[in-house]
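Structural description and commentary
The residues making up each chain are set out below.
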Amino acid sequence: MAYEATSFSFLETKLKREKDEITLPQRLQLAHLPTPIQSLPFLSQELGKEIFIKRDDLTGFGVSGNKIRKLEFLMAEAREKGCDAVITCGGIQSNHARATALIARRLGLQPILLLRGEEPDSYQGNLLINKMCSALVHWISPNDWPNHPTVMKEIHDAYAEQGWSPIIIPEGGSNELGSLAYILCEKEIQEFEKHQQKTFDSVFCATGSGGTYAGLLLGKYLLNADETDFYTINVCDSDEYFENRVKSLMIDSIRKHELPISFIPEDIRIIDGFVGPGYGEASEPQLDLILEMARMEGFLFDPVYTGKALFGMKEALKKAPDVFGDRILFIHTGGVFANFDQASLLEQKIRNQEERWWN
Ligand SMILES: Cc1ncc(COP(=O)(O)O)c(C=O)c1O
């Protein structure tokens, strides 16, 4: 049963610019912000640059990573509209679906998920968490996935007929509203830069549905981050697909929220070539890097998003060290639960390593 959760406040965000002040739509205070920025000493030494990491994996525990920033805006809309159920979608191990399910429960809303795949024999990783909080799960085959917006609408209508008031949140929480969240992340980055009296030359993040990167670029323009370039590594699809996707998300946000900016499409910088064997599957060197980072830095990355993106960033910095400058920031967008879903692959690698070390 839905109930009225009252322990979350609505926040209004004002962005001060030279001549004007922008008020963003209301958001719910859900995430632990600002997230810290920390150095990566081992990687910095290896690459001969100052490498930092923004710990968006620490926005929360179960409801963690980049998703919760977007959900602050998206769930505020759900509450304002008086909805009692939330429908969203993603892959079987979607971090966004898991975060949405848990935060829906905290807000007293019913989570309804459309997941790509089939109900498996055992529940692992994010699917286990979805089941723990009794999200209602519907399944869609990979072949039918291109049609998922229509299927979500059908699910919406079926629940509405039963008396529910559901709201649809798109894949990854990436729409004109969810993307605004990463403007605030850029604001936090600038506060850190001000404190350090040094700016970052390049900022990198992973892209899966485009909203995080689109929001960072909106932040670059709104907050005049002229000295910093923003790059993203796509973990699925192609650079062409994401150039179009990010452009249209930015245009939608600018139009819908009357943001006083225009942008140069050349500033959308997608680094392609690191998808590996496919979405959700990391290559051997990507898995090796995940283990190396745990061993050398004590940080956890994942095989679906951040491990691939960090690998892509590292390769780009090695290949063209002069292009990206000397102060680099990687945004860690969360997703560590995927390691538990892919535990056997990692275990095999660890056992091989141990055998080499001890024999
Ligand atoms: C852990 C993690 N990092 C990065 C991303 C990519 O963010 P976006 O979907 O906004 O492109 C996602 C989701 O897609 C994610 O779950």
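Everything numeric here is computed off the predicted structure, so don't read it as measured data.

Attention now moves to the pattern of salt bridges. As enumerated under the stated definition, the model contains 23 salt bridges in all. Two residues, aspartate 267 and arginine 269, come together in a salt bridge whose shortest N-O distance is 3.4 Å. Judged by its relative accessible area of 13%, aspartate 267 falls in the buried class. Among the salt bridges present, the one from glutamate 284 reaches lysine 349, with a minimum N-O distance of 2.7 Å.

Here we take up the environment of aspartate 201. Mapped onto the fold, aspartate 201 is located in the loop between α6 (181–196) and β9 (202–207). As for aspartate 201 and alanine 225, which are separated by 24 residues in sequence, their C-alpha atoms are 10.0 Å apart. Contacts of aspartate 201, omitting those with residues within four sequence positions, involve Glu227, Thr228, Asp229, Phe324, Gly325, Asp326 and Arg327.

The next thing to look at is the sheet that holds strand β3 (residues 37–39). Sheet architecture is open: six strands sit in the order β3-β4-β12-β9-β10-β11, paired in mixed fashion. Every other strand in the sheet has two partners, leaving β3 and β11 (269–271) as the edge strands with one partner each. Neighbour to neighbour, the strand axes of the sheet diverge by 30 degrees on average, direction disregarded. As judged from the three bridges shared by β3 and strand β4 (residues 50–55), these two strands associate in the antiparallel manner. Paired with glutamine 38 across the strands is isoleucine 53, a residue of β4. With respect to the sheet, helix α8 (residues 239–256) is in contact with β9, β10 (229–234) and β11, its orientation differing from that of β11 by roughly 150 degrees. Contacting β4, β9, β10, β11 and β12 (327–332), helix α10 (residues 306–319) crosses the sheet at an angle of about 165 degrees to β12.

What counts and what doesn't
Residues numbered from 1 in each chain as written. Predicted model: local features only at pLDDT ≥ 70, side-chain atom pairs only at ≥ 80, totals over all residues. Heavy atoms only, no water. Salt bridge = Lys/Arg side-chain N within 4 Å of Asp/Glu carboxyl O. Buried < 20%, exposed > 50% of the residue type's maximum accessible area, 1.4 Å probe, protein only. Helix = DSSP H or I, 4+ residues; strand = E, 2+ residues; numbered from the N terminus. Contact = heavy atoms within 4.5 Å. Pairing = 2+ DSSP bridges. Axes fitted to C-alpha atoms, helices over the stretch in contact; angles between N-to-C directions.

From the geometry alone we can't say anything about function, so treat these as descriptive.
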